Amino acid sequence: MSVSSVVKMSRISKVFRMGDSELRALDNVDLTIDAGDFVAIVGPSGSGKSTLMNMIGLLDTPDSGDVVIADQSIKGLDDDTLSVLRSRTIGFVFQQFNLLARTSAAENVGLPMLYSGAPYDRNWAEKVLSAVGLSDRIDHTPSQLSGGQQQRVAIARALVNKPMIILADEPTGNLDSQSERDILDILVQLNQAGITVVIVTHELEVTQVAKRVIRMRDGKIVSDERQSPKYLDGMKATSADNTTKIRLYDTATPEPEQGLAMKIRKAKSYSSEALRSVTSNKIRSFLSILGIMIGVAAVIAMLGLGAGAKKSMENELSGLGSNLLVLWAGSSRTGLPGGGNPVRLFPDDVEALKTELTNVTGIAPTVNGKAMIQFEEKTWNTSLTGSSTAFASLRSVQPDIGRNFTQEEETSRARVVMIGRTIAKNLFGDKDPIGAEIRINRIYFQVIGLLPAKGSNGWQDRDDMVVMPLETAMRRVLGYETVHSVDIQVDKPENMPIVEKQIKSIIQHKKRLSDEKVDDAITVRNMADIQAAISSTNKIMSLLLSIIASISLLVGGIGVMNIMLVSVTERTREIGLRKALGATRQDILSQFLFEAALLGIIGGALGVSLGWGSAKITAAFTNWPFEISPAVVGFVAGTTAFVGIIFGFWPAKKAAALQPIQALKHE
Ligand code: ADP
Ligand code: MG
């Protein structure tokens, strides 16, 4: 007849040091517990009972001596190996139940299966709950259960992995006497089903049903009595006492899941845990992600509006003909019209350019001003451009209905005008405006053409304008003597530098400017210059944006880290429980990283919506185009998840490193 021992402890000591005083909680204890026994540990408070239980349960390690559980010595085993061993062999029942709040009975019972790798099977969880008499409380959360029922859920949780041993430390300490009898009855039946039961107790009833009673005092075993033969002495588990109502051990456990299936299941569980944790503290979670949210919103809004502005600028530039040079009065150093010490450009300067320049295919001097248009009873304020016939082709605004003005009309200062679509719509509605008489600043004009639709460029409606011959505008309407700028089209790109030099020297000569003064007086720009200026502005914008983004994400990340540290502290007991149920460091780490990533993602998502929404509104009010690609949104969301993980790592690592017993004792 062979007797198999499930627990074998030899010369176990545990000393707690507090200040200079030493407390010998366990003093050279030897203890062997055989399979199928029902052991009650009794003794005065502080005698070392819980410390001993924690050693048996591998929650704590002795200072000296060895513990052998199921033929496995724990000497030299690391944290994670202990966790695995624990989840396969031991089921815990605590005095304080230690159920997860806001989590159903079935899910609480299924928790150890997550860590042991047993495929989660709700039917099995239900079956175990039924075995402890809770078939009608499966979806109740702990707050909806009485103390006795909660303890039964805890017992079901201890049973779900079919442990060899059930360890119960004062399981009835917080219960009324009826619940106490129920729990005791369940433990007796479990023992009859073949499970070894070790229970710490003060209750007389328990010591009466136990088969072996161990008394402790001052960290030592002072007596060890056998009251009845330990069950299974020389027998096999299958020939168990048929009186038991609990038949859980008849069913075979499925093989543990491995690899990907296991990873997916854990990922699912961690995500729903993270969601539960985040949503159970909605306001706090929201405040913690505020930083990320605002940062992301700012970045999205600015990126969107920036991209829109850039696109509209490109549209406008592409509307200009190629090989175009623009001459304007004012310094080239500031790059803006009118700066420096500008010359006045008169029509005869333009004539000089026309006659002296070579390699040029078109010249269009322009003036700009405001105009009030009247037609019948209607009035419309718009902007006015006066230029030469070449303007239409140089700026790609050939009228698509009607015609351009002629050279003749230009010379004779004819009162003819081309109008943009917006004006046509507002003054004429569906009527044909061609040939109509309108008044511009109270002077009669004939409409001869309709400018092609150009849309908005973000700052202005480019269809809200009129174009008329240069001198008509200067002399009849605006009363200007000078032109604002001159567009010059060069025949071939390679001639651009030559023409540029020619323009400068013609004006310099005509205005008698010294070499030093010419750059202060006029500016000649080509499209490449203008494009380069725009793209360098864009680069500065992007740099500023990245700085804003980094700072806001840093601040946001610290917000997440802060709240994760709070969360870890608050949930220390839960972490201890999870470790007691078999969670490894990696399990705890992953769980908290999921939570941090979730916070990051929520912050990112809210930020994207906020930024997108406010940019849309701004765009609607200001006529600025707004454009953002899904790729950018995806990238931002990914980044915020990453930020969550980075800043959540330290708190998560802190959680993972907690020792199970210290965590469980945390107040
Ligand atoms: P009990 O028999 O009441 O369960 P314990 O095993 O909990 O006793 O404790 C045994 C002794 O060890 C007690 O005096 C207790 O104060 C002390 N003790 C237990 N845990 C710690 C600890 N983490 N730090 C310091 N002293 C401890
Ligand atoms: Mg105790």
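Residues numbered from 1 in each chain as written. Chains lettered and ligands numbered in written order. Predicted model: local features only at pLDDT ≥ 70, side-chain atom pairs only at ≥ 80, totals over all residues. Heavy atoms only, no water.

When helices and strands are counted, the protein shows 21 helices and 20 strands. Relative to the compact-globule value of 26 Å for 667 residues, the protein shows a C-alpha radius of gyration of 43 Å, a clear excess of over 25%. The principal-axis extent of the C-alpha atoms belonging to the protein is close to 130 × 55 × 40 Å. Taking contacts inside the protein between residues at least 6 apart in sequence as the whole, the part at least 24 apart equals 76%. Carbon and sulfur atoms make up 56% of the accessible area of the protein, which totals about 31000 Å². A gap of 1 Å separates the mean positions of the 72 positive and 70 negative side-chain charges of the protein. (Helix = DSSP H or I, 4+ residues; strand = E, 2+ residues; numbered from the N terminus. Rg over C-alpha atoms; globule rule 2.2 N^0.38 Å. Contact = heavy atoms within 4.5 Å. Areas by Shrake-Rupley, 256 points an atom, 1.4 Å probe, with all protein chains shown as cover. Lys, Arg positive; Asp, Glu negative; His and termini not counted. Charge placed at Lys NZ, Arg CZ, Asp CG, Glu CD.)

Moving on to helix H18 (residues 572-580). Of all nine residues in H18, eight are buried, a share of seventy percent or more. Looking one or two residues past H18, Gly 582 carries a phi angle of roughly 115°, positive in sign. (Buried < 20%, exposed > 50% of the residue type's maximum accessible area, 1.4 Å probe, protein only.)

With that out of the way, let us pick up the sheet that holds strand E7 (residues 165-169). Reading across the sheet, the six strands line up as E6-E7-E8-E3-E9-E10 and stay open at both edges, with mixed pairing between neighbours. Single-partner strands in this sheet number two, and they are strand E6 (90-93) and strand E10 (220-226). On average, each strand axis in the sheet is inclined to that of its neighbour by 15°, with strand direction left out of account. One ladder, built from four bridges, connects strand E3 (residues 38-42) with strand E9 (residues 212-217); its direction is parallel. If you follow Ile 41 over to E9, its bridge partner there is Ile 214. Each of E6 and E7 is contacted by helix H2 (residues 79-89), which is oriented at about 80° to E6, the strand it contacts most. (Pairing = 2+ DSSP bridges. Axes fitted to C-alpha atoms, helices over the stretch in contact; angles between N-to-C directions.)

For the pair helix H3 (residues 105-116) and helix H5 (residues 147-159), interaxial distance at closest approach is 7 Å and the crossing angle is 30°. Our pair here, H3 against H5, has a crossing hand that is right-handed. Residues Ala 105, Asn 108, Val 109 and Pro 112 of H3 touch H5, and the partners they reach there are Val 153, Ala 156 and Arg 157. (Left-handed = near helix turned anticlockwise from the far one by under 90°.)

Assignment of secondary structure puts Ser 83 in helix H2. Under the relative-accessibility criterion, Ser 83 is labelled buried at 2%. Among all residues touching Ser 83, those that are not within four sequence positions of it are Lys 579, Gly 582, Ala 583 and Thr 584.

Time to look at the site of ligand 1. The local shell around ligand 1 holds 13 residues, among which Gly 46, Lys 49, Ser 50, Thr 51 and Lys 665 are the closest. At 2.9 Å, a backbone N or O of Lys 49 approaches an oxygen atom of ligand 1. Looking at the shell around ligand 1, the elements with two or more residues in it are strand E1 (5-18), strand E2 (21-34) and helix H1 (49-56). No other element matches the three residues that H1 contributes to the shell around ligand 1. Here the shell around ligand 1 is composed, by residue class, of five nonpolar, six polar and two charged. (Near = heavy atom within 4 Å. Polar contact = N/O pair within 3.5 Å; in protein donor to acceptor, adjacent residues only side chain to side chain. Nonpolar A, V, L, I, M, F, W, Y, C, P; charged D, E, K, R; others polar.)

With that settled, the discussion passes to the pairing of strand E8 (residues 196-200). Most of E8 sits out of view: five of its five residues are buried. Where E7 and E8 come together, five bridges link them in parallel fashion. Directly across from Leu 167, in E8, lies its bridge partner Val 198. Tracing the backbone out of E7, into helix H6 (residues 177-192) and back to the parallel element E8 gives a crossover that is right-handed. (Right-handed = clockwise from strand over helix to strand, strands pointing away.)

On to the domain arrangement of the protein. Split by domain assignment, the protein resolves into domain 1 (35-59 + 76-256), domain 2 (273-313 + 533-664) and domain 3 (344-512). One C-alpha centre belongs to domain 2, the other to domain 3, and the line joining them spans 53 Å. (Domains from an automatic or database assignment.)

Here we take up the pairing of E6. Here E6 shows two buried faces, one formed by Ile 90 and Phe 92 and the other by Gly 91 and Val 93. Bridge count between E6 and E7: four bridges; the pairing is parallel. Residue pairing for E7: Phe 92 is matched across the bridge by Leu 167.

In the structure shown here, the tally under the stated rule is three aromatic pairs. Between Tyr 270 and Phe 594, the aromatic rings sit 5.7 Å apart at their centres with planes inclined by 65°, giving edge-to-face as the arrangement. Placement of Tyr 270 in helix H8 (residues 259-280) and of Phe 594 in helix H19 (residues 585-622) is noted, with a sequence separation of 324 residues between them. For Phe 594, a relative accessible area of 31% puts it in the partly exposed group. Above the plane of the ring of Trp 650 lies Lys 654, whose end atom (NZ or CZ) is 5.9 Å from the centre. (Phe/Tyr/Trp six-rings, centres within 6.5 Å; stacked < 30°, edge-to-face > 60°. Lys NZ or Arg CZ within 6 Å of the ring centre and 35° of its normal.)

Further remarks concern the sheet that holds strand E5 (residues 72-73). One open sheet holds the four strands; their spatial order is E2-E1-E4-E5, and the pairing between them is antiparallel. Two strands lie at the open edges of the sheet, namely E2 and E5, each paired on one side alone. For E1 and E2, the ladder comprises 10 bridges, and the chain directions are antiparallel. In the sheet register, Phe 16 faces E2, and the bridge partner there is Leu 23.

Here we take up the nonpolar core. Met 9, Ile 41, Leu 52, Ile 56 and Val 198 are the most contacted members of the largest nonpolar core, which totals 68 residues. A total of eight residues in this core trace back to one element, the largest contributor, which is H19. Two domains share this core, each providing at least three of its residues, namely domain 1 (35-59 + 76-256) and domain 2 (273-313 + 533-664). Those residues in contact with Val 198, other than ones at most four positions away along the chain, are Ile 33, Val 39, Ile 41, Met 53, Ile 56, Ile 165, Ile 166, Leu 167 and Ala 168. Membership of the second largest hydrophobic core comes to 48 residues, among which are Ala 329, Ile 438, Met 474 and Ala 521. (Core = buried A, V, L, I, M, F, W, Y, C linked by side-chain atoms within 4.5 Å.)

Two elements in contact, H3 and H8, have axes whose closest approach is 11 Å; the angle formed by their N-to-C orientations is 135°. As the angle between them shows, H3 and H8 are arranged oblique. Considering how the two elements wind past one another, H3 and H8 form a crossing that is left-handed. Listed contacts from H8 to Glu 107, Met 113, Leu 114 and Tyr 115 of H3 are Met 262, Arg 265, Lys 266, Ser 269, Tyr 270 and Arg 276. The residue makeup of the contact of H3 with H8, split by class, is five nonpolar, one polar and four charged. (Parallel < 35°, antiparallel > 145°, perpendicular 65-115°, else oblique.)

With that out of the way, let us pick up H1. Extensive coverage of H1 is indicated by the burial of seven of its eight residues. For H1, every residue scored as buried is listed here: Lys 49, Thr 51, Leu 52, Met 53, Asn 54, Met 55 and Ile 56. Looking one or two residues past H1, Leu 58 carries a phi angle of roughly 60°, positive in sign.

As a further point, take unusual backbone geometry. Negative phi values dominate among residues other than glycine, just as trans dominates among peptide bonds. A positive phi angle, close to 55°, is found at Ser 396, a residue other than glycine. Relative to the helices and strands, Ser 396 resides in the loop between helix H11 (391-394) and strand E14 (401-402). Among the residues examined, Ser 396 registers a relative accessible area of 32% and is labelled partly exposed. We note that Arg 442 has phi near 75°; this positive angle belongs to a residue other than glycine. Structurally, Arg 442 is set in the loop between strand E16 (437-440) and strand E17 (443-450). You can call Arg 442 exposed: its relative accessible area is 58%.

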